[in-house]
Structures are given as structure tokens and as C-alpha cells.
Amino acid sequence: MSWFNEFPHMEDDSLRALKQTIDEGFRSFTRGYGDSIESFFAPLQKFLLLSERLMTQTPWPIIVLMILAIAWAASRSMKVVLGTLFTLLAIGYLDMWDDSMRTISMIFVCTVLSIVMGLPIGILMARSERFQRVVNPILDVMQTMPSFVYLIPVVMLLGIGRVPGLIAVVIYAIPPMIRMTNLGIRLVDKDVLEAADAFGSSHWQKLKNVQLPLALPTIMAGINQTIMMALAMVVIASMIGVQGLGQPVLKAIANQYFTLGIFNGLAIVGIAIIFDRVSQAYGQRLQKHREIVHG
Amino acid sequence: MANQHFDGIKIRNLYKIFGPDAAKHVEAVKNGLTKTELMEKFGHVLGLKDINLEMPAGCIQVIMGLSGSGKSTLIRHINRLIDPTAGEILFNGVDVARMSQDDLREFRRQKTAMVFQKFALLPHRNVLENTVYGLDIQGIARSKSTDIAMRWLERVGLKGFEKRYPNQLSGGMQQRVGLARALANDAPVLLMDEAYSALDPLIRVDMQTVLLDLQKEIKKTIVFITHDLDEALRLGDQIAILRDGQVIQQGTSQDIVLRPADEYVANFVKEVNRGRVLHVEAVMMPSSSAPVGGMTIAAGTTVEEAVRMLSSVPDGDVTVVSPSGKSLGVVTFRRLAEAMVNSQEVPNRHGRTLAVAH
């Protein structure tokens, strides 16, 4: 009756052999293709370095003005701009400027990458039921798999550094972008789509004139979520060598530096709030003509 | 440009069955399977059954029916937003149902324009940008299309509203944008799917007037769907009444009001203001003798109008004259008054044949 009390599992030896075989296989794959994969990601490395240099080597007043200008252009709200200014000054005054700039640059690159890859995937998902059935479970895995787990193969393949960190962050942050693009396009009013057909739109014209513009507020919500998740991932990514606000936090955990941890943590929160308010305000402005203001 | 050689739309033996195996059941329906049987036995819905319509160029063809009668399905066959199960839709002799996707797209761009019940405007574009929409799709440069759009916006009474957004306009004004967008296409066929049904009654009458005034100039072939018989009688050069996917009567407004094909149509007609629909020539005593002097009244005048004119003059015969001045017949005030309230059938005095579908 031992099978009743204890779950009958695979032979210890064969289980160990199985794990070893998979590990061996992956290791030889890494040895065989690691270099070509690394060179494949080289342009990303360049993009990352460029954006990091731009953020850290530009004098801080110019960066502050730039961020404030973007905040104003997107939100047209004095409240948001003032909040942004206050947060940036506090971060700088508490000597976290350089780390913050590295983090912002990382988030920027991650977001751009997520949009560039997520938008077409989302559009394809909205067009094809079959593609949606394939992609949805993959997104489920990406969102629920503990992030430490997929750090392992990424590090094995690419070592420690910015690019593996970027990949880890993008894997974690891209699902909302894809899902919201898909949802936004599927929710577009059927009457307007029929009108587009009746006037003889091609698929591309329909996408460009009707589906994307009408889905844009939903897509913006997806971008907002992507940014938030990328920020949440920054601390974990610092474990594999991503510089920025995550590293002091990691140091604080290891050495029990309470204040260092809380300051850097709050800086991440501050940056998150800036990104969130600015992108949400922009999304709101996109919606301006949708509400019914006249019967 | 688009009007050359256009000889109207012909619909022949059109069937539409909704369901996964629609094509299989066409023969059975042709052999007399009813809508209810098709639903019960096979779970398919009979949308349209043996539709035959000829819509001459330059006329307003109204298709009238209650909800579920298949009228919206029918109009969507003309630009093939819905594919037919069997039958032909001939446009200048070309079957729309057999066009390739590219031909169909070109056909929709150049030959048809559509106005929708729920307007279907793009909320993120302003009035002007919505109006050039069809021209954008045709690939016409904005510098050119803007002029065209401005002209039509002015024509439908929206001058000064170009920069507004649809949500800042009332329903009536939004539908004017929908109309301007369709007219800007300059297509020979204008499809109007319950275009005025979402508007309140006064604005609806207003928009009907806009359409009738425009039609005098543009002479398009207009297919107008409605559930409102008053609207149908006011707009239609030809009216087809649809019930359960079949045409139960087609004819002019005079035919429908004076000689309803069956009980169902008669029930509708009962509620109609006959004085506004009937023309004097439909109720006159025909006579070809020359005018005997005295009052004359132009053919095409409605009975109501005639009663108003005659109420202030002494009794007597009034001669109905054609536009060329020829005498057609005589009416009296009494005869006109009778026609306004009498719902009994008036014998057909013109020898005009009734078009009644089987």
C-alpha cells in the first residue's frame, strides 16, 4: 500500500538522468550557438548603451527640462508637470540621479522593444482565432512563470549584463501590450467596420484608418501596464547585472541597510508614478472625442 | 463620370439562407420548404426568398418592412456586405455576387456609397475628415478631396461645422455628415440602410426633404430601407414591401395605397394619411375632352393640397391638366374629400397593372 501513502514517482536514477540529459543538451546548445545568439542581440546592446549614455552624460538640467516637456506634451496638465519636477528634484537631491537615469533608460528601451514586438503580435492575434489560441497559453506562461526561472537559461546563453537583463524584463513586461492590442482591436465597433468595408477599404486601410485609431486608448493602457511591469522587474534584473536603482536595493537586502533600501525603492515608485500619470493622461486625451457630450 | 451607361440594378432569384450548410437547402426552399420548417428541421434561418427587383437608374427605390423582414439583409447584398446563397445581383449586367475580391473593392469604392442607421462615423476624425473618408480610400489627395467634401457639407447644411467632432453633433447633424460622406463619393448608387430611423420625427421629415431636394439635382439610384410606411410613400418612386424575406408587393405609392396586395399591406395602409400620398390624377374621372374653362389643377398635386386650394372657391368641376397643358380628367371637391377618408378600393382608372409578387 506504499503507493497509496506516497505518490509513486519516477525512479530517482532515471529522473536524475532525465534532468542531466536536458541540462547537457541545453549546455551543448549554449556552447554551439551562444556566440551567434550574442551577435544577433548586438544591435540591442548598442541601442541600450546609446540610450544610457544619452541619459547619464547629458547635464541634469537638460534632462529635467526634457522630461518636463514630454510630460507637458502628453498630459497638458500643470499638476502632472509639477509632480514630475518635484519627484526628479527629490531623487537628485538624495544622490540617486545616475542610478535613476540608468533605470529610466532601461525602461525606455524595454518599452520601445515591447511595443515594436507586441503591436504586430496583438494585431495578428485579433485577425486570426488560431493564432490567438496558440499565443494565449504562451503569454500565460510568460506571466506566471517565476521570473528567476527564466533568468537561468538567459544567463546561460548570454552571460551577465545588460542584454540578458533586457530580455528578461521584456519577457515579463510584453504580455499586457500584446493582450491589450488584441482586445482593443476586437472591441472596435462593428458598425464602423462595416462602413469601412462598404466604402471599399483594403485590409491595410481598415487597420490604419479604423482599427488602430479606435483601439489606441486600449493600446495605451497596455503600454502603461508594460511600463509598470518593467519597473517592477528592475530589481530582479539587477541580479544579472542590470545597472540602476535595482543594484542599491540588492545591496541593501544583502547588508540590511534599511534606509538605502527604502530610498531607492521610493525612487522606483516615484519614477513609476511619473510614467503612469503621464501615459494615463495621454490616454485620457485620446478619449476626448469618444464621450457623448451632445445628445 | 460614374453615371455613364448606368442602367440600374437588377436582382434575380435571390435567396439567402443563414447557417453552416446554407447551400444545401436552397433547392428544398425553392421546392416549397417554409421558413419555419427550415428552422425546425435543419436549424437554418431563411433570410431572403426568391427576390426579384428591378431598380431603374435615377429613381428612389424604397424597400419597406418590419424588423426581421430581411430588408437590411437585402440592401447588404447590393454591395455584397453579405454573400447571397443563390441568385444574381446585376449591376450594368455584371453579377456582383461573382466579382473577385479586388473587383468588389473597386466596385464599392466607385459605384456605391452607403449611409447607415447608426451613422458609423469615425469618432476620432472631425466632420471634414469624416466626409473625405471615402475619397481617402479611393486614394484621392486631400488637397482635392477637401474641396469636394466642403461642397457637400455646405449642400447638406453643415457649413461652419467642419472642425467639430461627431460627438459634438446631434443625431440629425451626424446623419448629415453620413450623407455628405456618401455623396462625396459621387457613386451612381446610394444605399441608405434605415438612414433616418434613429432620428426623431421632425428631424426625420427634415432629412427626407434634404434628400428629395438633392435627388432633383443628383439623380442617383437610391435604395432606401425603412420600416416607416409614411417615409416610404413620401420618398419612393418605387416601393417594395418585404415580409418574412419575400416581396409581397411592389409598385408606386399610389398602387400601394389604392390597391394593397393583401391584408398585411392593407393593415399598414389604413394608418396612412391618404390625402398626402394620393395624387389628383389617381382619383379623377378621366376624360380627354378639352378644358371647359374654369379651374385647372396640375397633375401630381396631392389630394390634400388640392382640397386646400378648392376649399376657398365655389363648387364645380376642376380639370386636371398634365404638365404640357393637356386635360386628363376632372375632380370635384366632394370626390377629393371622399378619397381622403375612403379606404375602400378605388378601381384602377389608368389601366396601370399592379405588380404583385406571387
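Calculation criteria
Residues numbered from 1 in each chain as written. Chains lettered and ligands numbered in written order. Predicted model: local features only at pLDDT ≥ 70, side-chain atom pairs only at ≥ 80, totals over all residues. Helix = DSSP H or I, 4+ residues; strand = E, 2+ residues; numbered from the N terminus. Rg over C-alpha atoms; globule rule 2.2 N^0.38 Å. Buried ≥ 20, exposed ≤ 12 C-beta atoms within 10 Å, placed from the backbone. Contact = placed C-beta atoms within 7 Å. Pairing = 2+ DSSP bridges. Axes fitted to C-alpha atoms, helices over the stretch in contact; angles between N-to-C directions. Expected span 1.5 Å × (residues − 1). Nonpolar A, V, L, I, M, F, W, Y, C, P; charged D, E, K, R; others polar. Core = buried A, V, L, I, M, F, W, Y, C linked by C-beta atoms within 7 Å. Domains from an automatic or database assignment. Parallel < 35°, antiparallel > 145°, perpendicular 65-115°, else oblique. pLDDT = per-residue confidence, 0-100.

Next up on the list: the overall build of chain B. Counting its secondary structure elements, chain B contains 16 helices and 14 strands. Whereas a compact globule of 358 residues would reach a radius of gyration of roughly 21 Å, chain B reaches 23 Å, a difference of no more than 12%.

So, about the overall build of chain A. On a plain count of helices and strands, chain A comes out with 13 helices and 0 strands. Ordered by position in the sequence, the α and β elements of chain A form the string α-α-α-α-α-α-α-α-α-α-α-α-α. Expressed along its principal axes, the backbone C-alpha trace of chain A runs to roughly 75 × 55 × 45 Å. Going through the 295 residues of chain A one by one, you find that 34% of them count as buried. Restricting the contact set of chain A to residue pairs at least 6 apart, pairs at least 24 apart contribute 76%.

Attention now goes to the sheet that holds strand β8 (residues 221-226) of chain B. All names here are of chain B. If you trace the 6 strands from one edge of the open sheet to the other, you get β6-β7-β8-β3-β9-β10, paired in mixed fashion. At either margin of the open sheet sits one strand with a lone partner, and together these are β6 (112-115) and β10 (246-251). Taking the axes of each pair of neighbouring strands and ignoring which way they run, one obtains an average angle of 20° across the sheet.

The subject of this paragraph is the sheet that holds strand β5 (residues 94-95) of chain B. Residue and element names in this part refer to chain B. What the 4 strands build is an open sheet, ordered β2-β1-β4-β5; its pairing is antiparallel. Looking at which strands have only one partner, the edges of the open sheet turn out to be β2 (45-55) and β5. Of the strand pairs in this sheet, strand β4 (residues 86-91) and β5 are connected by 2 bridges, and their pairing is antiparallel. Note that in β5 the partner of Leu90 across the bridge is Asp95. Docked against the sheet, helix α3 (residues 71-78) engages β1 (9-18), β2 and β4, running at close to 60° with respect to β2.

If you check helix α9 (residues 201-218) of chain B, its first and last C-alpha atoms are 25 Å apart, about what 18 residues at 1.5 Å a residue would give, namely 26 Å. Backbone geometry just downstream of α9 of chain B places Lys219 of chain B in the positive-phi region, at approximately 50°.

With 21 residues of chain A at the contact, the number on the chain B side is 21 residues. Within the residue set of the side of chain A that touches chain B, elements represented by two or more residues are α10 (190-198) and α11 (203-238) of chain A. Looking at the side of chain A that touches chain B element by element, the count peaks at 6 residues for α10 of chain A. Here the side of chain A that touches chain B is built from residues that sort into 9 nonpolar, 7 polar and 5 charged.

Once that is clear, we can look at the nonpolar core. In this structure, Cys110 and Val169 of chain A together with Ala180 of chain B are the most contacted members of the largest nonpolar core, which totals 151 residues. Of the domains in this structure, domain 1 (57-79 + 102-270) and domain 2 (276-339) of chain B are the two that each give at least three residues to this core. Once you skip the residues sitting within four places of it in the chain, Val169 of chain A turns out to touch Cys110, Ala230, Met233 and Ala237 of chain A.

On to the packing of helix α4 (residues 60-75) of chain A against helix α13 (residues 258-286) of chain A. All names here are of chain A. In contact at an axis separation of 7 Å, α4 and α13 are set at 30° when each is read in the N-to-C sense. One finds that α4 runs roughly parallel with respect to α13. Taking contact as the criterion, the partners of Ala71, Ala74 and Ser75 in α4 are, on α13, Arg277, Val278, Ala281 and Tyr282. Classifying every residue of the contact of α4 with α13 gives 5 nonpolar, 1 polar and 1 charged.

All names here are of chain B. Here the domain parsing of chain B yields domain 1 (57-79 + 102-270) and domain 2 (276-339). Taken over C-alpha atoms, the centre of domain 1 sits 34 Å from the centre of domain 2. It is helix α11 (residues 253-258) that contributes the most residues to the side of domain 1 that touches domain 2, 4 residues altogether. In the side of domain 1 that touches domain 2, the residues fall into 3 nonpolar, 2 polar and no charged.

It is worth spelling out helix α9 (residues 162-186) of chain A at this point. Spanning 25 residues, α9 of chain A covers 36 Å between terminal C-alpha atoms, matching the ideal 36 Å at 1.5 Å per step. By the criterion of burial, α9 of chain A is predominantly enclosed, with 22 of the 25 residues buried.

Below, the discussion takes up unusual backbone geometry. Positive phi, normally seen in glycine, also occurs at Asn92 of chain B, with a value near 55°. Take Asn92 of chain B: it is sitting in the loop between β4 and β5.

With that settled, the discussion passes to the packing of helix α3 (residues 42-57) of chain A against α9 of chain A. Residues and elements named next belong to chain A. Contact pair α3 / α9: the axes reach a minimum separation of 9 Å and the direction vectors enclose 95°. With respect to their mutual orientation, α3 and α9 come out roughly perpendicular. On α9, the residues touching Leu44, Gln45 and Leu48 of α3 are Arg162, Val163 and Leu166. For the contact of α3 with α9, the per-class residue count stands at 4 nonpolar, 1 polar and 1 charged.

Okay, the pairing of β10 of chain B next. Residue and element names in this part refer to chain B. Relative to β10, strand β9 (residues 238-243) is paired through 5 bridges, and the arrangement is antiparallel. Following the sheet pairing, Ala240 is matched in β10 by Gln250. In this antiparallel pair of consecutive strands, β9 and β10, the connection spans 2 residues, and Asp244 shows a positive phi of 50°.

Another aspect to go through is the environment of Gln238 of chain B. Residue and element names in this part refer to chain B. Structurally, Gln238 is set in strand β9. The exposure class assigned to Gln238 is partly exposed, which follows from the 19 C-beta atoms found within 10 Å. Distance from Gln238 to Gly329, taken between C-alpha atoms, is 24 Å for residues 91 residues apart in sequence. Among residues more than four places away in sequence, those in contact with Gln238 are Cys59, Gln61, Gln250 and Thr252.

All names here are of chain A. The topology assignment puts Ala168 in helix α9. For Ala168, a count of 24 C-beta atoms within 10 Å gives the class buried. Residues Ala168 and Gln225, spaced 57 residues apart in sequence, show a C-alpha to C-alpha distance of 16 Å.

Further remarks concern the environment of Arg276 of chain B. Residue and element names in this part refer to chain B. For Arg276, the location among the structural elements is in helix α13 (residues 274-277). Exposure remark for Arg276: the 15 C-beta atoms within 10 Å place this residue in the partly exposed category. Contact partners of Arg276, with chain neighbours within four places excluded, come to Thr302 and Glu304.

With that settled, consider the confidence of the model for chain B. Residue and element names in this part refer to chain B. Residues with a pLDDT of 70 or more make up 92% of chain B, whose mean pLDDT is 87. Long-range and interchain partners of residues 345-358, a stretch whose pLDDT sits below 50, account for 18 contacts in this model, where long-range means more than four residues apart. The complex prediction reports pTM at 0.83, with the ipTM value standing at 0.82.

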